[in-house]
Amino acid sequence: MIPRAVNSRTRQPIRKVRTRPAPRPLRHRLDPARVEEIPFHAGDGLRLGLTRVDSGDRDRPAVLLLHGHTASADMFLLPETRNLVDVLLDDGYEPWLLDWRGSCRLPYNETGHRYTYDDVALYDIPAAVARIRERIGDRPLFVVAHCIGALTLSLSMTAGLVPGLAGVVSQGVFLTPKLAGRTSLRMTVAGELLRNRIDHIPVDFRKVGLRSKYTALFALASRGAGCPDPTCQILHNSAWGSGASLFLHENLSEATHDRLAELLGPAPLWILPHLRRIELARSVVRWHDSDHRYRALPPNALDAAGRIDTPVLLLAGSENGLWLDSQKLCHQVLAHRQPQLDVSYTEIPAYGHLDTFLGRGAALDVFGHILEFLGERR
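All values reported here derive from a predicted model rather than from experimental measurement. (Residues numbered from 1 in each chain as written. Predicted model: local features only at pLDDT ≥ 70, side-chain atom pairs only at ≥ 80, totals over all residues. Heavy atoms only, no water.)

### Description of unusual backbone geometry
Logical step 1: Although it is not a glycine, A239 sits at a positive phi angle of roughly 45°.
Logical step 2: A positive phi angle, close to 55°, is found at R282, a residue other than glycine.
Logical step 3: Assignment of secondary structure puts R282 in the loop between α10 (272-281) and β9 (312-317).
Logical step 4: Here R282 falls in the partly exposed class, since its relative accessible area comes to 36%. (Helix = DSSP H or I, 4+ residues; strand = E, 2+ residues; numbered from the N terminus. Buried < 20%, exposed > 50% of the residue type's maximum accessible area, 1.4 Å probe, protein only.)

Here is the structure:
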């Protein structure tokens, strides 16, 4: 066979180069010179977001803030209200914010890299804690974690991957997840019926339009809703179609309400099998049982709770429409099974789930409990 002559003018195929997406910019009212975006990758090489807010004092204790799934570090920096970062700075702390792989500042919930909560517990949180400790030395390091950020942190802690923390505040859920029966049922049904049709549930109706494969989901979420905003309906009235509620509507300012599509992103359906296993077990359980890379994680975090080596504050709104009384249950179970642990429980009256951080009155009603806990241990 005679080889074909090469034409020097023939255009060569363009080589595809894989890029690592940078997190979208944070919204805040701080002096930009004080906000340090640190190049950061998880233990498995995935690009994440890590931000340090310069307090002007190198001797302050550090506080790592962990958002919930589909939220982001933006939830701690609301420019329209007095936020948690403001309060921490004023009270003498150095805030650090991690955008783990479930952040809406990153693209992983919609495209590309799939993961389980094992990956967050094994690769994201320990790597962030290690990077922060490189910078702060022997200063105390606290963690304030929300929702799935707290759930995955519990798996990291019981695996012994983040030892020596000065204290942990867990909001909404920790070691004993508990969902309403209808929420668990809807998650199961949705996972089976929709997994071959869609891979995530969006929250911004303006992006998907009226005629899309998501229209029926938004219509279902609007049933009985008191707010005309489709994004609010699918979050407040339905929690991505699960039938739960993420906040008390009256606790949000108008500005925060108008930003819901920015503050909370699409929910991936391929995470549901792990979440369902966790909820059915009423404990944080490992997903990867046969993959040796995840052997560092305990099969059941509750069974390994004796490894927790730091004080823990379990925080929850009295009207939590997503995780119900999971935190009260956790406190009761740990008091019975691990009485030697330093674990306390605080319930915030007239608050739901997300509004404990996003609420217009959270600085007065919620953050004081966090500061009191940190202050007693700094």
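Let's pick the thread back up.
### Concerning the pairing of strand β6 (residues 167-171)
Logical step 1: Of all five residues in β6, five are buried, a share of seventy percent or more.
Logical step 2: Alternating positions in β6 separate into two faces, G167, V169 and Q171 on one and V168 and S170 on the other, with burial throughout.
Logical step 3: Relative to β6, strand β5 (residues 141-146) runs parallel, the two being bridged by five bridges. Residue pairing in the sheet places V143 in a bridge with V168 of β6.
Logical step 4: Note that the unit made of β5, helix α3 (residues 148-158) and β6 has a crossover that is right-handed.
Logical step 5: Sheet analysis places β6 next to β9, joined by four bridges and oriented parallel. The residue of β9 that forms the bridge with Q171 is L315. (Pairing = 2+ DSSP bridges. Right-handed = clockwise from strand over helix to strand, strands pointing away.)

### Overview of the environment of S238
Logical step 1: Tracing the chain through its elements places S238 in the loop between α7 (230-236) and α8 (254-258).
Logical step 2: Distance in space between the C-alpha atoms of S238 and L65 is 26 Å, their sequence separation being 173 residues.
Logical step 3: With residues up to four places along the chain from it excluded, the contact list for S238 reads R186, A221, Q233, G243 and A244. (Contact = heavy atoms within 4.5 Å.)

### Digging into the state of the cysteines
Where two cysteines share a covalent bond between their sulfur atoms, that bond is called a disulfide.
Logical step 1: This structure, assessed with the given rule, holds zero disulfides.
Logical step 2: Its sulfur unpaired, C104 is 13 Å from the next cysteine sulfur, which belongs to C147.
Logical step 3: Residue classification places C104 among the buried positions, given a relative accessible area of 18%.
Logical step 4: With no disulfide partner, C227 has as its closest neighbouring cysteine sulfur the one in C232, 3.8 Å distant.
Logical step 5: Accessibility expressed as a relative area gives 12% for C227, which makes it buried. (Disulfide = S-S within 2.5 Å.)

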